Amino acid sequence: MTSSSLSDKPVGVIGAGNFGSVIANILALNRRVILYARDEAVVNSILNTRVHRGYPMSHHVEPTSDMAYLASHCDVIFPMVPSAHFREMMKKLSPYLHPYHILIHGTKGFDITLPEGQTIESVSKLTREQVKTMSEVIKEESVVVRVGCLAGPNLAKELAQRQPGATVVASHFNEVIQIGKKLLRNDRFQVYENNDIVGVEIAGVLKNIIAIASGALSGLGYGENAKGLLISRGAVEMVYLGRALGGDLKAFLGVAGIGDLVTTCNSPMSRNFTVGYRLAKGEKLEAILADMTEIAEGVNTVRIAKKCADHYKVRALITDRLYKVLFEGMTVEEALEFLMRYPLNVDIDFL
Amino acid sequence: MEILEEKKNKNKPYKPILDGIPDWPVYQLSKNRKEFVEEVACKSIERIRELRTTRKQLIDELEATVYREQNRIKRNRWRVDPKDDSKFWSDVKKDLIEASTKTDDSDKTLEEILKRIVMRYANEIAGSFKPNSYRVTRELIKFWFARLLNGARVKKFGAFFRNQYTLRDKIQIVGKVKLLRKLAKKGTVVMVPTHFSNLDSILIGWVIHSLGLPAFIYGAGLNLFNIKIFAYFMNSLGAYKVDRRKKNLPYLETLKMYSNLAIQKGAHSIFFPGGTRSRSGLIEKQLKLGLLSTAIEAQRNLYFENPNATEVRKIFIVPVTLNYNFVLEAPDLIEDYLHVKGQDKYFPEQDKYGSMQLLTFLFKFFTKGSNISVSIGSALDVLGNYVDEEGHSIDNQGRLIHTKDYFISSGQISEDKQREDEYTRMLSQKIVSEYHRINRVFASHLAAFVAFEMWQQKFPKLDLFGLLRLPEEDLELDYAEFRDTFKRVRKRIYELNDEGKLYFATHLKGKVDNVLKTGIENVGIFHLKRPLLLNKKGNIITKDLTVLYYYHNRLVGYDLEQFI
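Considerations on the overall build of chain B
Okay, so step 1: In terms of regular secondary structure, chain B is built from 21 helices and 17 strands.
Okay, so step 2: Within the span of chain B, comprising 564 residues, buried residues form 42% of the whole.

Description of the overall build of chain A
Okay, so step 1: When helices and strands are counted, chain A shows 16 helices and twelve strands.
Okay, so step 2: Computed over C-alpha atoms, the radius of gyration of chain A comes to 20 Å, within 12% of the 20 Å expected from 2.2 N^0.38 for 351 residues, which places it in the range of a compact globule.
Okay, so step 3: Overall, the C-alpha framework of chain A stretches about 65 × 40 × 40 Å when taken along its three principal axes.
Okay, so step 4: The burial tally for chain A puts 52% of its 351 residues in the buried class.
Okay, so step 5: If you take every contact in chain A between residues at least 6 apart in sequence, the share linking residues at least 24 apart comes to 73%.

Some details on the sheet that holds strand β17 (residues 540–541) of chain B
Residue and element names in this part refer to chain B.
Okay, so step 1: The three strands are arranged β14-β17-β16 in an open sheet whose pairing can be described as antiparallel. Of all the strands in the sheet, just β14 (476–477) and β16 (533–534) have a single pairing partner and so form its edges.
Okay, so step 2: As judged from the two bridges shared by β14 and β17, these two strands associate in the antiparallel manner. Its bridge partner lying in β17, E476 is registered against I541.

So, the domain arrangement of chain A
Residue and element names in this part refer to chain A.
Okay, so step 1: What the domain assignment reports for chain A is domain 1 (2–195) and domain 2 (199–341).
Okay, so step 2: Once you take the C-alpha centre of each, domain 1 and domain 2 turn out to be 24 Å apart.
Okay, so step 3: Every contact between the two is made by 30 residues of domain 1 and, on the other side, 29 residues of domain 2.
Okay, so step 4: Listed by contribution, the elements that provide at least two residues to the side of domain 1 that touches domain 2 are α4 (83–93), α5 (134–141), β10 (146–151), β11 (165–171) and β12 (189–194).
Okay, so step 5: Here the element with the most residues in the side of domain 1 that touches domain 2 is β11; it accounts for four residues.

Description of the environment of V547 of chain B
Okay, so step 1: Within the secondary structure, V547 of chain B sits in helix α21 (residues 545–552).
Okay, so step 2: Filtering out sequence-adjacent residues up to four positions away, V547 of chain B remains in contact with A330, P331, I334, G524, H527 and P531 of chain B.

Considering the interface of chain A and chain B
Okay, so step 1: Counting residues at the interface gives 15 residues for chain A, matched by 15 residues for chain B.
Okay, so step 2: Tallied by class, the residues present in the side of chain A that touches chain B amount to eight nonpolar, five polar and two charged.

Considerations on the pairing of strand β6 (residues 315–323) of chain B
Residues and elements named next belong to chain B.
Okay, so step 1: Across the nine residues of β6, nine count as buried, placing the element largely inside the fold.
Okay, so step 2: Here strand β2 (residues 188–193) pairs with β6 via six bridges, running parallel. Residue pairing for β6: V192 is matched across the bridge by P319.
Okay, so step 3: In terms of strand pairing, β6 meets strand β7 (residues 372–376) through four bridges, oriented antiparallel. Note on β7: the bridge partner recorded for T321 is S375.

Some remarks on the domain arrangement of chain B
Think of interface size as the accessible area that goes away when the parts come together; that is how it is often given.
Residue and element names in this part refer to chain B.
Okay, so step 1: Domain boundaries in chain B define domain 1 (26–125), domain 2 (172–432) and domain 3 (440–563).
Okay, so step 2: Averaged C-alpha coordinates put domain 2 and domain 3 at centres separated by 29 Å.
Okay, so step 3: If you look at the interface, domain 2 gives 20 residues, while domain 3 gives 21 residues.
Okay, so step 4: Taken together, the elements giving at least two residues each to the side of domain 2 that touches domain 3 come down to β6, α14 (330–343), α15 (355–367) and β7.
Okay, so step 5: Element by element, the count of residues in the side of domain 2 that touches domain 3 is highest for α14, at five residues.
Okay, so step 6: Grouping the constituent residues of the side of domain 2 that touches domain 3 by class yields eight nonpolar, ten polar and two charged.

Details of the sheet that holds strand β8 (residues 386–387) of chain B
Residue and element names in this part refer to chain B.
Okay, so step 1: If you walk across this open sheet you meet the three strands as β8-β9-β10, and the pairing is antiparallel. Two strands bound the open sheet, and with one partner strand each, they are β8 and β10 (400–401).
Okay, so step 2: Strand direction decides the pairing type here: β8 and strand β9 (residues 393–394), joined by two bridges, are antiparallel. From the neighbouring strand, Y386 faces β9, where its bridge partner is I394.

A closer look at helix α10 (residues 200–210) of chain B
All names here are of chain B.
Okay, so step 1: Most of α10 is tucked away: nine of the eleven residues are buried.
Okay, so step 2: All of the buried residues in α10 are D200, S201, I202, I204, G205, W206, V207, I208 and H209.
Okay, so step 3: After α10 finishes, the residue G212 shows a positive phi value of roughly 80°.

Topic: the confidence of the model for chain A
The predicted structure's coordinates, where accompanied by low pLDDT, should not be read in detail.
Okay, so step 1: Averaged over every residue, the pLDDT of chain A is 90; residues scoring 70 or more account for 98%.
Okay, so step 2: Across residues 1–6 of chain A, confidence stays below pLDDT 50; counting only partners more than four residues off in sequence or on other chains, it has nine contacts.

Focus: helix α16 (residues 332–341) of chain A
Owing to its 3.6 residues per turn, the α-helix aligns residues three or four sequence positions apart on the same side.
All names here are of chain A.
Okay, so step 1: Inspection of α16 places V332, A335 and L336 among the buried residues, and these make up the whole buried set. Along α16, the residues classed as buried sweep out an arc of 95° about the axis, all on the same side. Turned more than 90 degrees from where α16 packs its buried face, E333, E337 and R341 sit exposed.
Okay, so step 2: Those residues of α16 that are buried are in contact with α8 (197–219), α12 (271–280) and α15 (317–327).

Digging into the pairing of β12 of chain A
Okay, so step 1: By the bridge criterion, six bridges tie β11 of chain A to β12 of chain A in an arrangement that is parallel. What sits directly across from A166 of chain A, in β12 of chain A, is Q190 of chain A.

A few points about unusual backbone geometry
Residue and element names in this part refer to chain A.
Okay, so step 1: Backbone geometry at R53 places phi at a positive 50°, although glycine is not the residue there.
Okay, so step 2: The residue R53 is located in the loop between β3 (51–52) and β4 (55–56) in this model.
Okay, so step 3: Residue class for R53 comes out partly exposed when judged on the 17 C-beta atoms lying within 10 Å of it.
Okay, so step 4: Despite not being glycine, K313 has its phi angle at roughly 55°, a positive value.
Okay, so step 5: Along the polypeptide, K313 turns up in the loop between α14 (297–312) and α15.
Okay, so step 6: Residue K313 is classed as exposed on the basis of its 7 C-beta neighbours within 10 Å.

Conventions adopted
Residues numbered from 1 in each chain as written. Chains lettered and ligands numbered in written order. Predicted model: local features only at pLDDT ≥ 70, side-chain atom pairs only at ≥ 80, totals over all residues. Helix = DSSP H or I, 4+ residues; strand = E, 2+ residues; numbered from the N terminus. Buried ≥ 20, exposed ≤ 12 C-beta atoms within 10 Å, placed from the backbone. Rg over C-alpha atoms; globule rule 2.2 N^0.38 Å. Contact = placed C-beta atoms within 7 Å. Pairing = 2+ DSSP bridges. Domains from an automatic or database assignment. Nonpolar A, V, L, I, M, F, W, Y, C, P; charged D, E, K, R; others polar. pLDDT = per-residue confidence, 0-100. Arc of directions from axis to C-beta.

Have a look at this one:
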């Protein structure tokens, strides 16, 4: 049976976006990789040029547009597609999956299932019945149970340049964590362990809200004090919301929580930051979203988190104001003024 | 569908799926009892050595075991405990002290001490199934039950010896009976019933027999063996003993190994995964994972030992709910529960009911109304996937799953304790949700639920304890109001049934006044103080709100509160 041992089998990556491509390259340092791209043209271009989205692609990465091929050759698969397409992708992949597969995803967003014809705004309430993390989607849509997730300060550009960075692999299964570690780790990429997968996923999703707010502060021209304030209060808000949604406090204090939060809030490269920045400069949301090449997960997250906070009666001031800015025409200045005047003076009350 | 099945089951005896008792796995097991106990002990010792690798760890573990055992003997002695208990443990203690002071080559002495302990446990746990005694018990139960039923119900001279009524009229078995019978031939069945009353074990024993299945092995609480009449039944039905006072590692490992090996050898088993009777009357939410994990372990081992076989004996988990109008121990159970909830204190397990009380109860049970129903759930594989009649696991989309694949890592079947712990957790969640799904609502459950919730609503400022302290005279519900609410909640139950989220007994249908009457008459029917009654004005009153709370709990967890 040695022929099928892990060292011989390639590892699968699904989604050839920025993050997916970078992860494929990182994995390729240790293993052969099969990279799935929906678009045949992308597959051909990678094959011919070995360059994708401006990054050179490793020769160990074999692009394909055949999911069945990928699933039958890889025991370990990393799905890296945006949350909006995640369930649809899983439905396609599911027939080829077996309980021996291990899936470790790197998507930072929620999946929501609404009754026909309803929108997030029109449903009476949004609960964990409708709001799922990606690991939950995987388990709902397939027979795979050994599921993990990647989260942390992982800006694709920096990873591609082989700058030092770290990630968390979270799973209920030690086996999954160890395999993830073995596959991802190299001298420039540190991997931490966490067994609260839902907490890590939620932390990764919620930090996008604060990232937009951080962009907005920057856009108004404010400096480091304001940012320090936002990040610390933002972290508290993430803890409140995260707990209501079923995460554990610890995940929020780790690499996937604070780590990722600080990074995205300081990164003009990040998509969510850019949304906030341009909003503060007076641009309209539609216009901003229209000329972005990849999805800014945070915008949708704000809508979902706001509705959930209402239902679970969580005080989430930043999320709430941001919602008003994004969808109800409040200006960033007004939102900020409200927050600065809010009579709230307990620093930390959850420890 | 439901009605059809209920009618079909009525009075239709099932043929035994295996011809003679000698074919039964449980018989094979007890015929080779000595060898089996040896095997259990050997493997348990291996396992304990894996868990406690160093000499120091082993000594610590053994010392803790002796300490706890001596404590148990001092504090909490039972009638079933062997006479030589205190001598045995003080001898062990002596030898242990001697061994731990020696530094050279005393691993052998330690090993020997461990073996003594584990052998003792294995012998204590192991049941002894005796075919003759089983037959006698079975016939005895059938005969006397029939006498009681007919004597009480058919009001004619000589009715005592008629066979017009059988137990089947009293106890309805509904659900996936055919599937269960099929699967019991194909693989090993692990039945996991809810646990409300000490009677459950006997009831389940009868159910298994009347479905034509071979005897199952039980993990029965040792405390039950204190009651002589129970001890007799259980010994003859193939029960093995679980002593919940013993929480030490050697005991727990031996117990799990016993169950694990018995399942691997094909003995159909019953676990009460709630661990103990539900104190609150709620359907179990948290299951004990220890025994459940043995089913998963056994399945993995079967795959492991036959890596190339195309057909490996599969293990099927079958959730079962037992639905009563009346639970004998209810007043004490709920008192325990409230005591703990209120003060967060430990309480020792007590059994106030001796043989006499049980007989009285049985007599009442047969002479008055009040039926019991047993719902057999869909069978699951050890990962909680549904299985079809062929024993194949099926996923949500109707595709075939190979259960073996769950134990494969990098192409090979592997043992991973942590992974299996997680699988056990997943399985237990699935069982809990199946319990809620196959639960069968009686009019009495609904009446209790509605009445209690209405009273709670009438005193919104009181917490549970405040409410329970109210004098019963202050509690009266207007009949018309009660009737309307009852009807509203019943409608919701119909909807839940349509959504496949629960079942209800056929008597719940029909004119609301009649159903209500049945409900009120039957809830906790044999208690001295009745939980629900109608007063002279025709309004609803209670004589015991605490017990009403107990019966009300049966329907908690379906979000019915909002319809009050």
